[in-house]
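Survey of secondary and tertiary structure
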Amino acid sequence: MPELPELEVVRERLGPRLAGRTIEDVIVSRRFGFLLRTPPAELAGALRGTVITDFRRRGKFMTIDTGDRHVVINAMLGGRFLWTEAGARATDSTLVRIVLDSGEELRLTDFARMARVYLAAPDELDGVPGWAELGPEADAVEVDDWTRRIRRHPGELKNLLRNQAFVAGIGNAYSDEVLWEARFLPLRRRTTLKPPDIERLWAATRHVLTWAIEQIRAQPDYTSEKQNRGFLRVHMKGGEACPRCGHRIGELTARGEITNFCRGCQF
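Residues numbered from 1 in each chain as written. Predicted model: local features only at pLDDT ≥ 70, side-chain atom pairs only at ≥ 80, totals over all residues. Heavy atoms only, no water.

**A closer look at the overall build of the protein chain**
Heads up, the condition is: Labels follow the DSSP assignment, with helices taken as runs of H or I lasting at least four residues and strands as runs of E lasting at least two, numbered in each case from the N terminus. Relative accessible area decides the class of each residue, using a 1.4 Å probe on protein chains only: under 20% of the type maximum gives buried, over 50% gives exposed, and in between gives partly exposed. Whether two residues touch is decided by their heavy atoms; if any such pair falls within 4.5 Å, the residues are in contact. For accessible areas, the Shrake-Rupley method is used with a probe of radius 1.4 Å. Any residue's cover is judged against the shown protein chains and nothing else. His is not counted, nor are the chain ends; Lys and Arg add positive charge and Asp and Glu add negative charge. Lysine's charge is taken at NZ, arginine's at CZ, aspartate's at CG and glutamate's at CD.
Counting its regular elements, the protein chain contains 6 helices and 10 strands. On the principal axes, the C-alpha backbone points of the protein chain span a range of 55 × 35 × 30 Å. For the protein chain, the proportion of its 267 residues judged to be buried stands at 51%. Within the protein chain, counting contacts between residues at least 6 apart in sequence, those at least 24 apart form 66% of the total. Counting only carbon and sulfur atoms, one obtains 50% of the accessible surface of the protein chain, whose full area is about 12,200 Å². With 41 positive and 37 negative side-chain charges, the protein chain shows a spacing of 6 Å between the two charge centroids.

Structure (structure tokens):
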């Protein structure tokens, strides 16, 4: 699932290509049309001939702004953004093709068939599921706000970091990385943290997200539709040696999701 670092780099790379371009057509796969929360014909009719004013990120959502309409995309597990030249063949996982005035296309692909696409007016964004509840961006929240907000959440630290109402943008992968950086176990409860611990968790969050964005930017083979997380230190590294203490990295699986951590240096 793309999280804040991946989506932020997608925004940086594709935003300048999209700004000011006119949408010539919107083509929706017949097989995947059910993933749109707006009927395909209505989506295409509303967007044809409009000019893209911005391509931006909010938490784990991406939006294509056209002035009086927003296309809101929740990529979920398998959603990816693909830029193609005119006439490029569509893959079997292609959900939506946004055809620009140059013939180039922005495509949303989804191998998991879970992505969601919404069309909303500016005053309708809060009607997009999950949008109204979003907290501040996880890489921008200030420590005072973080400290106030965290008091509302007494549960486990991993669930806390993934709670989009607390801070927006962190999912399964980067919650593992933040907790490794802060040296806290994922099942530890927030109520056990003292004030210095709360500040340490905030600092680790800011550090990991900034570091991850830099790592993705630096990938020599970067393309927006691929997700290369080989640089992560603990997530999906179960059984390997912890890069900090050498202890074996542990792994838990719950509801089909993997949590990784080090019992040697996380407490």
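Still to come is the rest of the account.
**Overview of the nonpolar core**
Heads up, the condition is: By nonpolar core we mean a set of buried residues, namely Ala, Val, Leu, Ile, Met, Phe, Trp, Tyr and Cys, connected to one another through side-chain atoms within 4.5 Å.
In this structure, Phe55, Phe81, Leu95, Trp146, Tyr174 and Leu201 are the most contacted members of the largest nonpolar core, which totals 62 residues. Sorting elements by how many residues they give to this core places helix α6 (residues 195-217) first, with 10 residues. With residues up to four places along the chain from it excluded, the contact list for Tyr174 reads Glu3, Pro5, Glu6, Val208, Leu209, Ala212, Ile216, Arg229, Phe231 and Leu232. By size, the runner-up hydrophobic cluster in this structure holds 9 residues, among which are Tyr118, Ala120, Leu125 and Trp131.

**Examining the sheet that holds strand β4 (residues 70-74)**
What counts is decided by this rule: Pairing between strands is defined by DSSP: at least two bridges between the two strands are required. With axes taken as lines fitted to C-alpha atoms, and helix axes fitted only over the stretch in contact, angles between N-to-C directions fall between 0 and 180 degrees.
Spatially, β2-β3-β4-β8 is the arrangement adopted by the 4 strands of the open sheet, whose pairing is antiparallel. Only two strands of the sheet have a single neighbouring strand rather than two, namely β2 (54-58) and β8 (116-120). Between one strand axis and the next, the sheet turns by 20° as a mean value, whatever way the strands run. Contacts from helix α1 (residues 4-18) reach β2 and β3 (61-65), with the element oriented near 170° to β2.

**Digging into the sheet that holds strand β7 (residues 105-110)**
Sheet architecture is open: 4 strands sit in the order β1-β6-β7-β5, paired in antiparallel fashion. Looking at the sheet topology across the chains shown, the edges are occupied by β1 (23-28) and β5 (79-84). Averaged over neighbouring strand pairs, the angle between their axes works out to 15° when direction is ignored.

**Looking at a nonpolar patch on the surface**
Applicable threshold: A patch is a set of surface residues, each over 30% in relative accessible area and not in a salt bridge, joined within 9 Å for like charges and within 5 Å for the nonpolar side chains Val, Leu, Ile, Met, Phe, Trp and Tyr. What makes a salt bridge here is a side-chain nitrogen of Lys or Arg within 4 Å of a carboxyl oxygen of Asp or Glu, nothing more.
A cluster of nonpolar side chains, namely Met1, Leu77, Phe111 and Met114, defines an oily patch on the protein surface of about 350 Å² accessible area. Note on placement: Met114 falls in the loop between β7 and β8. Judged by relative accessible area, which is 32%, Met114 ranks as partly exposed.

**A few points about the environment of Ala19**
Structurally, Ala19 can be placed in the loop between α1 and β1. For Ala19, a relative accessible area of 42% puts it in the partly exposed group. Linking Ala19 and Ile64, residues 45 residues apart in sequence, is a C-alpha distance of 9.4 Å.

**Some details on the packing of helix α5 (residues 172-182) against α6**
Using the following cut-off: Any angle that falls under 35 degrees is termed roughly parallel, while one over 145 is termed roughly antiparallel, one within 65 to 115 roughly perpendicular, and all others oblique. By the definition used in this description, the sense in which the near helix is turned from the far one sets the handedness, with an anticlockwise turn below a right angle giving left-handed and a clockwise turn giving right-handed.
Viewed as axis vectors pointing N to C, α5 and α6 meet at an angle of 125°, and their least axial separation amounts to 8 Å. As judged from the angle between their axes, α5 and α6 are oblique. At the point where α5 passes α6, the crossing takes the right-handed sense. Where α5 approaches α6, its residues Tyr174, Glu177, Val178, Leu179, Glu181 and Ala182 are matched on the opposing element by Arg200, Leu201, Ala204, Thr205, His207, Val208, Leu209, Trp211, Ala212 and Ile216.

**A few points about unusual backbone geometry**
At Arg183, a position not held by glycine, the phi torsion is positive, near 70°. Located in the positive-phi region is Met236, a residue other than glycine, with phi close to 65°.

**A few points about the layout of surface pockets**
Where we set the bar: Each cavity reported here is a set of points on a 1 Å grid over the protein atoms alone in which a 1.4 Å probe fits but cannot get out, each pocket an open set with protein on both sides within 12 Å along at least five of seven lines, and each lining residue one with an atom within 4 Å of a point. Grid points are joined across faces, edges and corners, and a volume is the space filled by probe spheres set on the points. When residues are grouped by polarity, Ala, Val, Leu, Ile, Met, Phe, Trp, Tyr, Cys and Pro land in nonpolar, Asp, Glu, Lys and Arg in charged, and all others, Gly among them, in polar.
Reported here for the largest pocket is a volume of approximately 280 Å³. In this structure, the largest pocket is lined by 15 residues; those nearest its centre are Met1, Leu77, Asn172, His235 and Glu257. Breaking the lining of the largest pocket down by element, the ones donating at least two residues are α5 and β10 (257-262). The class makeup of the residues in the lining of the largest pocket is 6 nonpolar, 4 polar and 5 charged. Here the second largest pocket defines a volume of roughly 240 Å³. Lining of the second largest pocket is provided by 15 residues; of these, Lys60, Phe61, Asn74, Met76 and Gln164 occupy positions nearest its centre. Counted by class, the lining of the second largest pocket contains 9 nonpolar, 4 polar and 2 charged residues.

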